[in-house]
Amino acid sequence: MVNSHRKLIFHIYIGFYCSAITLPKIYICSEFSTPFINQFSKDPEAFPVTTNGEPFPWRDLRLPHTAIPLHYDLLVHPNLTSLDFAASEKIEILVREATQFIILHSKDLEIMNATLHSEEDLRYKKPGKKLKVLSYPAHEQIALLVPEELIADVRYYVAINFQAKLADGFEGFYKSTYRAFAGETRTIAVTDFQPTEARMAFPCFDEPLFKANFTIKIRRESRHIALSNMPKVRTIELKEGLLEDQFEATVKMSTYLVAYIVCDFNSVSGTTSSGVKVSIYASPEKWSQTHYALDTSLKLLDFYENYFHISYPLPKLDLVAIPDFGPGAMENWGLITYRETSLLFDPKASSASDKLWVTEVIAHELAHQWFGNLVTMEWWNDIWLNEGFATYMELISINATYPELQFDDYFLNVCFEAIAKDALNSSRPISNPAETPTEVQEMFDVVSYNKGACILNMLKDFLTDEKFQEGITHYLRKFSYRNAKNDDLWGSLSNSCLEGDFISGGFCSSNSKMTSNTLSFLKENVEINEMMNTWTLQKGIPLVVVKQEGCSLRLHQELFLKGVFREDPEWGTLQERYLWQIPLTYSTSSSNMIHRHVLKSKTDTLELPEKTSWLKFNVDSNGYYIVHYEGHGWDHLITQLNQNHTLLRPKDRVGLIHDAFQLVSAGRLTLDKALDLTRYLQHETSSPALLKGLEHLELLYHMMDRRNISDVTENLKHYILRYFKAMIDKQSWSDEGSIFDRLLRSALLKLACDLNHPPCIQKAAELFSRWMESSGKLNIPADVLKIVYSVGAQTTGGWNYLLEQYGLSMSGAEKNKILYALSTSKHQEKLVKLIKLGMEGKVIKTQDFASLLHAIARNPKGQHLAWNFVRENWTHLLKKFDLGSFAMRVIISGTTSHFSSKDELQEVKLFFESLKAQGSHLDIFQIVLETITNNIKWLEKNLNALKTWLLVNV
């Protein structure tokens, strides 16, 4: 799954389950097995109570393993007029231990009846035995009570009839709507089950370890089509004009990967070199926007088959653009579902950034067909094995298939985003306990996705491309159609090399069989499992402190924490538990050679072969660590950047800018030193480095602007416009150039117009006027479209026209740009109107509401408006979004994490405390409080330094 946190509409965390309530007097059902009755009599309060007051025979959130599913036969009939569905299923189960009850997951389903059949019943067509059904909603479980004990190692068949409403949100089996050309609203039915929502569509063993095969049948009207994981085998005509589509049985897979859709979409199709049929589906009005996705999917699927040396195991792959969708996309095996903006590409309105995003999401979801679908993590605590790998494979696949997108430069930001969270004390380990559906949902975050990908990239750099590729192919083959955990991956990536197998740089190049968990590296023994556990089982990111003394390098590692300074009393305590095995790389002024060393201890010493004027650790930012150069280390690097920055690699220049500003936030580097480093940028020609420098200057500007520190805001504005004027003025208002040239153009012109640079405002206003005069038909270059709309939105006439065009547009890419522009208005009544439209969910879809609130909160005129709305409408928001959903986490963090005053901190703290008192708790609460605290500390420590630096440099 792709979380849209990786691309909100403006580039920017499943419900609360109460504890079981036990009643003092409970009627004991005679159908329970004797062991359960005896156990219940001894400890009645240990067992939960069902909806009818009877005891529920299972107390854990996780299902028992007394019975496992082998095959589901599922028949579903959704009614798109009455917006409900009727369904039936037959589950073939294997009993592992004798039992008198079967526990399944079920949520918001009305169970009509349940029957148990033995193999003999089916053979002789006997009616089977009726099962009593008990429900325990707090754990989203039902118990099927059998009259006679089920025998171990015997197969049984459970038949259940059930019905439910199509869900209103984005989980389970839910309804989605879109507007046709003629203006009428059309409805489709679609599933989204990850992580724990298959139970909303059919009773099941809804945990990833319970893999099974699924045979699915869908009933529909003739005006619709039905899609599922597998190809359709046949269509049968039923009474009253109904049709029943029957699909091939699936391969063995987890319940969260099951998918089916009833819609009236059109498609475009192609075939891979290995014969897999790939189809892209979208509403008829958006069919013309599907072609880029088809070309990309065909190319990427071919790449993955060749890279993994494992064929895609299904005969077809459908990718479907869903009008209402919670995450960015979902990797259902053979039927991948996407937000429209994550799959469709509109040549007239999709920018370079949009193209990068669509390519990235397709690459991510196709990688999941192996990582996640073929091999699945045992439990959600290791969801990073799915998401971290899929995010990492974006880098490998796009570099190979679309080198012009320069994705390896873009990947730096993937790691920088992870560091931003991981540098907080409220971060968590990659592999982390998660039991409740809310806790599981919270695992889908930047740590699982981005940090997971970055430590894999670091390991690949350590092992070499070849050995890493061999290792993951071994992993995929060994655990195909099974489940895996952390140690299984490290075992597959380990090998044993002889001394003669080394090539320059200390790499093992042996093709010998993987025989142990020890990798010989630079004649050191490195246990892969031991090394990588330091990255997955403890939170945080290491800071490597380097001090050069002649030809000696003194190394020291510690936990890097933003907002916690060495002089703080808690600093020493926080450092005690942390130690990483860090595969270091470094280069020097004397040589282009990449030197390598594994830092296993708190301190170490390296000897250089000769004196050097500067050195740079973490070559190309492939390592997941921050580097601080003590003594004159930073001064030497700044001098080199000013004299000839090209002697440092382009990615190293990006890394230096990033690390410098991170170190300021931890009190290890002064702000003036970090700002001095950026002054070389007037000579910089690498777009990624320029973008990184601009990003930090822009962050400073917006922080000052939101706090209304007007003198610093004005001085920063003048400095940026003067310093980057030549670069801004030479930008064309076009879509020309390389991908990063285009990204830089968009960033420079957006910043210039945000700072009210007259030539920028004038040009954007002129284009907007011409666009309005053409009734929206003028084609404005997509890379500057958001900028033009934002300037146009500052007048009442322009804002109203944009809102009108938003309702009419058939392009998701264009709608995102319009919505961003509308959110930049300086008039609060217009921002209030946007919030109202977002809550209604008609003109502005509910799926876009979290991002809209986030954008309004970034607007200085809207920051307290958005925050007050959240506080006053919390109950209403919970009716739209589950507590642990990504949308709610974005709403919470997006409306608060930019605050930087003690009064705001106290407001947020009191609000979170009131939610906890009501029983609502999320990890994001502590993350937000720590972030605001750090913002306050940053201003206290650096505001005067910023003022002084600007007075000298403006």
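Since we're looking at a predicted model, the values are computed, not measured. (Residues numbered from 1 in each chain as written. Predicted model: local features only at pLDDT ≥ 70, side-chain atom pairs only at ≥ 80, totals over all residues. Heavy atoms only, no water.)

**Student:** Tell me about the packing of helix H3 (residues 291-308) against helix H6 (residues 384-401), and please be specific about residues and values.
**Tutor:** It is the contact of H3 with H6, at a shortest axis distance of 10 Å, that shows an interaxial angle of 110°. Accordingly, the angle class assigned to the pair H3 and H6 is roughly perpendicular. Along this stretch, H3 crosses H6, giving a crossing that reads as right-handed. In this structure, H3 uses Lys-299, Leu-300, Phe-303, Tyr-304, Tyr-307 and Phe-308 to contact H6, whose residues at the interface are Met-393, Glu-394, Ile-396, Ser-397, Ala-400 and Thr-401. Classifying every residue of the contact of H3 with H6 by side-chain character gives 8 nonpolar, 2 polar and 2 charged. (Axes fitted to C-alpha atoms, helices over the stretch in contact; angles between N-to-C directions. Helix = DSSP H or I, 4+ residues; strand = E, 2+ residues; numbered from the N terminus. Parallel < 35°, antiparallel > 145°, perpendicular 65-115°, else oblique. Left-handed = near helix turned anticlockwise from the far one by under 90°. Contact = heavy atoms within 4.5 Å. Nonpolar A, V, L, I, M, F, W, Y, C, P; charged D, E, K, R; others polar.)

**Student:** Can you tell me about the sheet that holds strand S26 (residues 552-560), naming the residues and giving the values?
**Tutor:** Strand order in this open sheet of 4 strands is S29-S26-S25-S31, and the pairing throughout is mixed. At either margin of the open sheet sits one strand with a lone partner, and together these are strand S29 (603-607) and strand S31 (626-629). Neighbouring strand axes in the sheet, compared pairwise and without regard to direction, differ in orientation by 25° on average. The sheet contact formed by strand S25 (residues 541-549) and S31 spans 4 bridges and is parallel. By the bridge assignment, Val-545 is partnered in S31 with His-628. (Pairing = 2+ DSSP bridges.)

**Student:** Explain empty space enclosed by the protein to me, and be specific about the residues and the numbers.
**Tutor:** Roughly 120 Å³ of volume is contained in the second largest cavity. Together, 16 residues line the second largest cavity, and Phe-416, Ile-419, Asn-618, Ser-621 and Gly-623 are the ones closest to its centre. Listed by contribution, the elements that provide at least two residues to the lining of the second largest cavity are helix H7 (407-422), strand S30 (615-617) and helix H15 (650-665). Ranked by the residues each element gives to the lining of the second largest cavity, the list is headed by H7, at 4 residues. (1 Å grid on protein atoms, 1.4 Å probe; cavity = no way out; pocket = protein on both sides within 12 Å on 5 of 7 lines; lining within 4 Å. Points joined across faces, edges and corners; volume = space filled by probe spheres on them.)

**Student:** Can you break down the state of the cysteines residue by residue, with the values?
**Tutor:** Between two cysteines, a covalent bond joining their sulfur atoms is known as a disulfide. Inspection of the entire model under this criterion finds 2 disulfides. Disulfide partner of Cys-753: Cys-760, at an S-S distance of 2.0 Å. What sets the handedness of the Cys-753 and Cys-760 disulfide is the S-S torsion sign, and at about -100° it is left-handed. The burial state of Cys-753 is the same as that of Cys-760; both residues are buried. (Disulfide = S-S within 2.5 Å. Buried < 20%, exposed > 50% of the residue type's maximum accessible area, 1.4 Å probe, protein only.)

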